[in-house]
Amino acid sequence: MSMESFEQDAADDSTILPVEIRKVPKSLEEIVRITKFSKSEIRLLYKGFKQECPNGAVTEREFQTIYSHFFPHGNCQNYTSFLFRVLDRRKRMYFTFEDYIQTLSILVRGSIKEKLHWIFRFYDIYDDGKLTKQTLETIVRSLYDLLGPNIFVHQPVTDETIQKHSTILFEKLDRHHSGSINLDDFMKYCLRNEQLVNEIELLSSTAV
């Protein structure tokens, strides 16, 4: 798939979209520049994106439908809402291939600081620059809901399980016992705690 055909496919799709969200992807060279993927990797990723999202732009409802196919036994509504918020970087009520691949680039090829920054943004569901135990519990609960009860055959998930998991994780992060964590505290503590970094990365990337 050449650069020209990559762009032509995108241009053809623009006639399908409503006028307000028509979007032609950037050139292949530009996407290489803003991500950590090669041209061949981008072509492959774009092909997969087009198969799931033929219109080239994904609304929250469409995103939820896609996730429901991959997690048929779970409830993906809350998790996809939180993830969509991060993917829709420009608050346009949809995200495009560039939005998707820039996020994927961070999660797959980004430095640990880039990944932690992304994870903080994902957890910061109220966009107020801080995390609380309640916020963390909401995220953890959405992940358990996404995966569904069939995943946890040997240990059924209860409200007590979710609260315990969230409390343990938050207490590790809130080393000053202030009741909330900002980005700077989150980054500093995680970078000193490899085990916690692994736990947080696993929690955040399980269903991305």
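The rules we used
Residues numbered from 1 in each chain as written. Predicted model: local features only at pLDDT ≥ 70, side-chain atom pairs only at ≥ 80, totals over all residues. Heavy atoms only, no water. Salt bridge = Lys/Arg side-chain N within 4 Å of Asp/Glu carboxyl O. Helix = DSSP H or I, 4+ residues; strand = E, 2+ residues; numbered from the N terminus. Buried < 20%, exposed > 50% of the residue type's maximum accessible area, 1.4 Å probe, protein only. 1 Å grid on protein atoms, 1.4 Å probe; cavity = no way out; pocket = protein on both sides within 12 Å on 5 of 7 lines; lining within 4 Å. Points joined across faces, edges and corners; volume = space filled by probe spheres on them. Nonpolar A, V, L, I, M, F, W, Y, C, P; charged D, E, K, R; others polar. Phe/Tyr/Trp six-rings, centres within 6.5 Å; stacked < 30°, edge-to-face > 60°. Contact = heavy atoms within 4.5 Å.

- Naming follows an unreviewed UniProt entry, where the protein appears as EF-hand domain-containing protein of Rotaria sordida.

Considerations on the pattern of salt bridges
Move 1: In this structure the tally under the stated criterion is 11 salt bridges.
Move 2: Between Glu 114 and Lys 36 there is a salt bridge, with its nearest N and O atoms 3.8 Å apart. A residue pair is termed long-range when its members are at least 10 positions apart, and Glu 114 in helix 7 (residues 112-123) and Lys 36 in the loop between helix 2 (28-34) and helix 3 (39-52) qualify at 78 residues.
Move 3: We classify Lys 36 as partly exposed; its relative accessible area is 40%.
Move 4: Linked through salt bridges whose partners overlap, the residues forming this network are Arg 89, Arg 90, Arg 92 and Asp 99.

Overview of empty space enclosed by the protein
Move 1: If you walk through the whole model with that rule in mind, you get two cavities of 30 Å³ or more.
Move 2: Its residues assigned to classes, the lining of the second largest cavity comprises two nonpolar, three polar and three charged.

Let's talk about helix 5 (residues 77-87)
Move 1: Extensive coverage of helix 5 is indicated by the burial of eight of its 11 residues.
Move 2: Those residues of helix 5 that fall on the buried side of the exposure criterion are Tyr 79, Thr 80, Phe 82, Leu 83, Phe 84, Arg 85, Val 86 and Leu 87.

Looking at the packing of aromatic side chains
Move 1: Scanning the entire structure with this criterion turns up 14 aromatic pairs.
Move 2: Ring geometry for Phe 63 versus Phe 95: centroids 5.3 Å apart, planes at 90°, classification edge-to-face. Within this pair, whereas Phe 63 is found in helix 4 (residues 60-70), its partner Phe 95 is found in strand 2 (residues 95-96), the two being separated by 32 residues in sequence.
Move 3: Residue Phe 63 is classed as buried on the basis of its relative accessible area, which comes to 7%.
Move 4: A relative accessible area of 2% means that Phe 95 is categorised as buried.

Comments concerning the environment of Leu 83
Move 1: By secondary structure assignment, the location of Leu 83 is in helix 5.
Move 2: Sequence spacing of Leu 83 and Ile 125 is 42 residues, and the spatial spacing of their C-alpha atoms is 9.2 Å.
Move 3: When residues no more than four places from it in sequence are discounted, the contact partners of Leu 83 are Phe 63, Tyr 67, Trp 118 and Phe 122.

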